[in-house]
Amino acid sequence: PSGPNSYITYEMQYPSYVRHTFPVDGTSGSPCCDVDLALTVTNHSHKAQSLVLALLQTAVGYRWVGRSKRCITDLGAGTSRTVALKVAVTAPGVHNLNTFSLVYAETQALAAMPQGQHLCRVGQGSRVAE
């Protein structure tokens, strides 16, 4: 995944499959399944960059937990930083976790946005992460 100028790239780590006991027909269970993710952002330019990570609440079936904007300040040239993220999944199914973007803090120009799909499958049953 890369931005328009390939100076900023990212890698997202998350479980590809999670099981969770959602309440069904009056049975007990938790209405949300929290899934932890890690987004590693790398600066390939020759100078420090400050970025804003925007988490967009546009998807059906999950929502980002916490602040919708995160600042990544002074990301040094040739360095990476990992941001811990979490989504609350509200229904079983396959969820595409690509509802975010990275922009340069100073100009608001797009630095990187999701390329392709980041699919996390959540199944009904006892919680297990793979």
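Structural notes, computed from the coordinates.

The rules behind these values
- Residues numbered from 1 in each chain as written.
- Predicted model: local features only at pLDDT ≥ 70, side-chain atom pairs only at ≥ 80, totals over all residues.
- Heavy atoms only, no water.
- Pairing = 2+ DSSP bridges.
- Helix = DSSP H or I, 4+ residues; strand = E, 2+ residues; numbered from the N terminus.
- Axes fitted to C-alpha atoms, helices over the stretch in contact; angles between N-to-C directions.
- Buried < 20%, exposed > 50% of the residue type's maximum accessible area, 1.4 Å probe, protein only.
- Contact = heavy atoms within 4.5 Å.

Before going further, it helps to examine the sheet that holds strand 4 (residues 49–55). Reading across from one edge, 6-4-9-10 is the order of the 4 strands in this open sheet, with antiparallel pairing throughout. Only two strands of the sheet have a single neighbouring strand rather than two, namely strand 6 (69–75) and strand 10 (110–112). Ignoring strand direction, the axes of neighbouring strands in this sheet form an average angle of 35 degrees. Bridging between strand 4 and strand 6 involves 5 bridges; their strand directions are antiparallel.

Moving on, we get to the environment of Ala 48. Structurally, Ala 48 is set in the loop between strand 3 (33–43) and strand 4. You can call Ala 48 partly exposed: its relative accessible area is 45%. Residues Ala 48 and Leu 75, spaced 27 residues apart in sequence, show a C-alpha to C-alpha distance of 5.2 Å. Beyond its immediate chain neighbours, meaning those up to four positions away, Ala 48 contacts Asn 43, Leu 75, Gly 76 and Ala 77.

Attention now goes to the sheet that holds strand 3. Pairing is antiparallel in the open sheet, where 4 strands are placed in the order 1-3-7-5. Among the strands making up the open sheet, the edge pair consists of strand 1 (8–13) and strand 5 (62–64). Within this sheet the neighbouring strands show an average axis-to-axis angle of 30 degrees, counted without direction. Across 6 bridges, the pairing between strand 1 and strand 3 is antiparallel. From the neighbouring strand, Gln 13 faces strand 3, where its bridge partner is Ala 38.

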